[in-house]
Every structure is written in structure tokens, then in C-alpha cells.
Amino acid sequence: MNVSLQFPENLRFTAEHEWFRPEDGAVGITDHAQHALGDIVYIELPAPGARLTAGRSFGSVESVKSVSELYAPVDGVVAEVNPELAAAPELVNREPYTRGWMIRVRADAIPGNLLTAAEYRRLVEA
Amino acid sequence: MHVRSTTLHGRHLTAGARMVDFAGWEMPVQYCGTLAEHRAVRSAAGLFDVSHMGELAIRGPGAAAAVDRLCANDPRHLSAGEALYTPLCTTQGGTVDDALVYCRTPGQDYLFVVNAANTATDADWMRQECLGGAVVVDESEETALLALQGPRARVILRRLLSLRERAAITALRPFTFAVGVPVAGVPCVVARTGYTGEDGVELACSAAAAPLLWDALLEAGAADGLMPCGLGARDTLRLEAALPLYGHELSRTISPLEARLARFVRIEGRDFCGRAALAEMLAAGPPRELVGLLPEPPAIARADAEVVAQDGETIGRVTSGTYAPSLCRGVALALCRTGAARPAEAGGGALSIEVRGRRVPAAVVPLPFYRRRRGA
């Protein structure tokens, strides 16, 4: 594959291909995940105030060909949902780490088992 | 299983394709993205590598009788240069495969283009069913097949033809083909056939020459918006056009009569594999029928989802479901108990589809979901 995937250093990752940004609690899916899914046409997200449990599904992302669960990277409460994604789910394909963020979570704590960019890259490239 | 690749494999990688294993072949599922590729075919043109499909020839003095024995559709009227869509059936009336039969020499030489996953079983089945005086020859290995589809497809092709060939190709009617046509210098069989619901052609050439033909077509069509297209777009295009896909709408346990293919089953005045069972089913009425469903957005029903009537009874299952780019919503084909899924205008009751634990309302609609504007 001659695409160069991005692995930003400031993020933490799950093995299920979600990312978490410790500074502001933003959560999304990785460049690798959006590439594997193909064109995303619909994203189902929880409402602000919803309680998330790390490792449990908090929504789903639907591409032309398939549907995938989204797994919470942390325990916490949904503070904000990206209002742009309802009308423009393709932002997740185009800018998975910036405008394609999905939710912001007020995390109870930052779990130690999240992967660093280097660890996640090794997982994806294995 | 050993994964095979076509002679265009290198071209696909260079173009940035994401490759998947499909029926034992490593094939491009998408290049720049299924939505853009789908739209290119609907508005301009797309180029598909479908070299994984099987090419099985039936030849010899007994070829006409053998082909008549194999086809549920009636191949007896075929002249040289004509093609016919036909289901191939089991003695129980189920479907072995569906194929396009190309009549190369009437009575002598016919070519079946079949689904990649079925090529080997089809060849075995043909050898079992063929009467004497005909041989089955597998030409798949040395044959490449490209599909050039979309409203601009024939305009693009014309640019790669000599003046003399241009007239012949312009005159090519749907379901006919011309042999030995040099396209950018590559000898091709050019057929006005396809699997997208658009106008277009399919080009067969030697596997070795395929990269040359691929490059020439992409270059000739660049200014028209021609894009290389993967299996992802091929599936959304065929599903919008309600064209059946073997393994989904057709199988050994699904009859072509159930899959809305009754007009391709000709039982009058002939005998063929599956005829008795199909005649019986025609008389009694098929127990199931394929219907078109529109699940309420944003839900997208996928294959195997259950279709449920208002009283909670399961009346069938989705055979194929996807997001339909031309309709900007989910569409689904479902095999349902006959009469149980009718449009609301025809007195049908409310239906729902079980989409990941949720019952989503679905409307029954006439097929196809998408029909191209003629003469555009």
C-alpha cells in the first residue's frame, strides 16, 4: 500500500483504532481505521451527558460497505459531540485527527493501557 | 487457498488501490474511494479490471446441443456476435451460476463468462451435463477482461479505434460483440455489455496485453473524467440497478424464478438442466420473491438482516444491502415469502428490517432503484 498513514505523537490509541487526546478529551478514529473503512456515510454518536465505559461501544460508524462499532478509550462523560459530522461524515475520512473528531469526553482518569503513537504504529504495521 | 492476481496487479498498486481477497483473487476494492468512483460511472465513465471472471468455452460439433442443455434461457436463436444472459440451473431448479453466453460460431463455439468463485465448479458441472461431441475449455488463465462503463464509455473507446472500426463499434447494439478489434493496437473482443446499469462495453484481450490496454484507456478518457473503479463501486452500481450477484440473490438454493429472472427462463419446446423443476415452480408460483426495500434513513440494512411483518413474523431476509450513492440512502434487496412484501399502494402492510438489534421501518419499492436516462 503506497499511502502514508499518520500517527500524531500527542494522541493515545486503542487497539480498536480509536484515538484520545489527553489535552481536551477529544475522541475519534485513526487514519488507518478511516482508510480501511472507506467512504463514511453515517456516524451514530451518544448525546452529551452520556456515560462511557472504557472498552464498551459508544456508537457506530457506517461506510458504504460496512458498519463498525466505536469503543470508548476511557471512562467518562460525553461533554460535546462534533456538530459537523451529521451533515459531513466525510470529514472523518479527510481529517481524522482534526475536523473529524467525534466526541469530547470528561475522562475520570487517563488509563495507562492506551497505546502511544509508536506502539499503535507497530500494531498497525505488524 | 492460493491467492491469485491479474496481470493488472502492478497497475492497481501504482494507482493506490486498496486490495482485498475476492473469490481467491487479490482485487482492487477501491482506488480513490467508492463514492467518487460510483459517481464517475454514473456521470462520465469508469474502468474496471474484471479479469478474475471465468471464461469457459464449449466447442465441437455437439456444442449447440450442449449449450441448449446448459442454459435456462434459450440460446438456439443466437447468431455469431450475439450474447445472451442466462441462469445455469441444478436439476432441482436452484442456480449453479449466472453467465453471459457469447456465440462465436453458431453450432461450433460458445464462450460462457462466469463468476470467478464458480469457474472451477461450473467447468465440472458443464462436463457432467454436456452431451457427447462437445468439449469444455477453460480460457480464464490467458484472458483479461476490462469493463469500460458510463455515458462517456463509447466516446472514449472510439478515440482508440481506426476510422473503419469506429463505424462498426458505433453500430454495436446492446448484447452484441465484435471480435478482433484493435484497440490501441491490442486485439480485443468488444461487447456492448456490463454490470452497472449504464451504457458501456466490456473488452476481452490476452492477459499479457491487458496493462497496455488499461493505460491507453485511462489516458484516452482522462479529460472525460474516466476513473479506475474497484469492486466496491461495482457492487453499489449493480445493486442500484438491481442486477443479481451470485452468492447473494442467486445460489444453489435460490431459483432464478424467485430472483426476478423469469424472463431469462425459457421452458417452451426445449429441455435443459432444471427444466422439470422450474416448470413445476412456474405452474405453482415461486414460494419466495426478490423485492426492493428502502430502510428509513439513516439506517443501512446489510445482507442477512431479517425482514419482519407488522405482526412480528419474519417474512424473509436481505440478500444485499448498501448505501446507494445515487439515492443518498440505504437500499436493500430481500428474498421474501411471495406476496408478503408489497408496496403500500398495492395494499402491503408496514414492514421493518432488523438492523443490529433495532427494527427499522422499510418501504417496498419497484425495482430497479436506479434507471439511467436513455439517450443522455
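Residues numbered from 1 in each chain as written. Chains lettered and ligands numbered in written order. Predicted model: local features only at pLDDT ≥ 70, side-chain atom pairs only at ≥ 80, totals over all residues. Heavy atoms only, no water.

Student: Break down the overall build of chain A for me, with residues and values.
Tutor: In terms of helices and strands, chain A carries three helices and nine strands. Overall, chain A shows an N-to-C arrangement of helices and strands of β-β-β-α-β-β-β-β-β-α-β-α. A globule of 126 residues ought to have a C-alpha radius of gyration of about 14 Å, and chain A, at 13 Å, matches this closely. Summarising its shape, the C-alpha atoms of chain A cover approximately 40 × 35 × 20 Å along the three principal directions. Within chain A, the fraction of its 126 residues that count as buried is 45%. Once local pairs closer than 6 in sequence are excluded, the contacts in chain A between residues at least 24 apart make up 60%. (Helix = DSSP H or I, 4+ residues; strand = E, 2+ residues; numbered from the N terminus. Rg over C-alpha atoms; globule rule 2.2 N^0.38 Å. Buried < 20%, exposed > 50% of the residue type's maximum accessible area, 1.4 Å probe, protein only. Contact = heavy atoms within 4.5 Å.)

Student: Describe the interface of chain B and chain A, with residues and values.
Tutor: At the junction of the two partners, chain B supplies 17 residues and chain A supplies 18 residues. Taken together, the two surfaces of chain B and chain A that pack against each other cover about 1500 Å², and 50% of this comes from carbon and sulfur. The largest contributions to the chain B side of the interface with chain A come from Arg18(B), Arg302(B) and Arg356(B), which together make up 39% of the buried area. The interface formed by chain B and chain A includes four salt bridges. The salt bridge involving Glu62(A) is made with Arg302(B); its shortest N-O contact spans 3.1 Å. Put simply, chain B and chain A have twelve residue pairs in polar contact (both at pLDDT 80 or more) between them. No other element matches helix H2 (residues 34-43) of chain B, which puts three residues into the side of chain B that touches chain A. A class-by-class count of the residues in the side of chain B that touches chain A yields six nonpolar, seven polar and four charged. (Buried area = accessible area lost by both parts, 1.4 Å probe. Salt bridge = Lys/Arg side-chain N within 4 Å of Asp/Glu carboxyl O. Polar contact = N/O pair within 3.5 Å; in protein donor to acceptor, adjacent residues only side chain to side chain. Nonpolar A, V, L, I, M, F, W, Y, C, P; charged D, E, K, R; others polar.)

Student: Would you mind going over the environment of Met126(B) in detail, with residue names and values included?
Tutor: All names here are of chain B. The residue Met126 is located in helix H4 (residues 119-129) in this model. Using a relative accessible area of 0% as the deciding quantity, one classes Met126 as buried. Taking the C-alpha atoms as reference points, Met126 and Val136, ten residues apart in sequence, are found 7.1 Å from one another. What Met126 contacts, discounting residues up to four positions off in sequence, is Leu56, Ile58, Leu70, Leu88, Phe112 and Val136.

Student: How would you sum up the pairing of strand E6 (residues 57-63) of chain A? Please name residues and give values.
Tutor: All names here are of chain A. Counting buried positions along E6 yields six of seven residues, so the element is predominantly enclosed. Pairing between strand E4 (residues 40-44) and E6: four bridges, direction antiparallel. The residue of E6 that forms the bridge with Tyr42 is Glu62. Of the pairings in the sheet, the one linking E6 to strand E7 (residues 67-71) comprises five bridges and is antiparallel in character. Pairing of Glu62 across the sheet is with Val67, part of E7. In this structure, the hairpin formed by E6 and E7 is closed by a connection of three residues. (Pairing = 2+ DSSP bridges.)

Student: Could you give an account of the nonpolar core, with specific residues and numbers?
Tutor: All names here are of chain B. Leu148, Leu157, Ile169, Val183, Val190, Leu213 and Leu217 are the most contacted members of the largest nonpolar core, which has 33 residues in total. Mapped onto this core, the elements with two or more residues apiece are strand E9 (143-149), helix H5 (153-158), strand E10 (177-183), strand E11 (186-191), strand E12 (200-206) and helix H7 (210-221). Looking at which element gives the most residues to this core, the answer is H7, with six residues. Not counting the four nearest positions on each side in its chain, Leu148 is found in contact with Gly46, Leu47, Ala153, Leu157, Gly200, Val201, Leu217 and Leu226. (Core = buried A, V, L, I, M, F, W, Y, C linked by side-chain atoms within 4.5 Å.)

Student: How would you explain the sheet that holds E11(B) if you had to name every residue and give the values?
Tutor: Residues and elements named next belong to chain B. A sheet is described by the order of its strands in space; here six strands give the open sequence E10-E11-E12-E9-E3-E13, paired in mixed fashion. Single-partner strands in this sheet number two, and they are E10 and strand E13 (227-229). Between one strand axis and the next, the sheet turns through 30° on average, direction left out of account. As paired strands, strand E3 (residues 46-49) and E13 are joined by three bridges and run parallel to one another. Within E13, the position partnered with Leu47 by the bridge is Pro228. Packed on one face of the sheet, H2 meets E3, E9 and E13 and runs near 115° to E13. (Axes fitted to C-alpha atoms, helices over the stretch in contact; angles between N-to-C directions.)

Student: For the domain arrangement of chain B, give the residues involved together with the corresponding values.
Tutor: Residues and elements named next belong to chain B. On domain assignment, one finds that chain B holds domain 1 (9-50 + 142-240), domain 2 (54-138) and domain 3 (287-365). Each of domain 1 and domain 3 has a C-alpha centre, and these two points are 33 Å apart. In this complex, domain 1 contributes eight residues to the contact, which on the side of domain 3 involves ten residues. When the buried area of domain 1 at its contact with domain 3 is split by residue, Thr236, Leu239 and Glu240 rank highest and sum to 59% of it. At the surface where domain 1 touches domain 3, the tally comes to zero salt bridges. Where domain 1 meets domain 3, there are four residue pairs in polar contact (both at pLDDT 80 or more). Put simply, the parts of the chain that give the side of domain 1 that touches domain 3 at least two residues each are H2 and helix H8 (231-240). The residue makeup of the side of domain 1 that touches domain 3, split by class, is two nonpolar, two polar and four charged. (Domains from an automatic or database assignment.)

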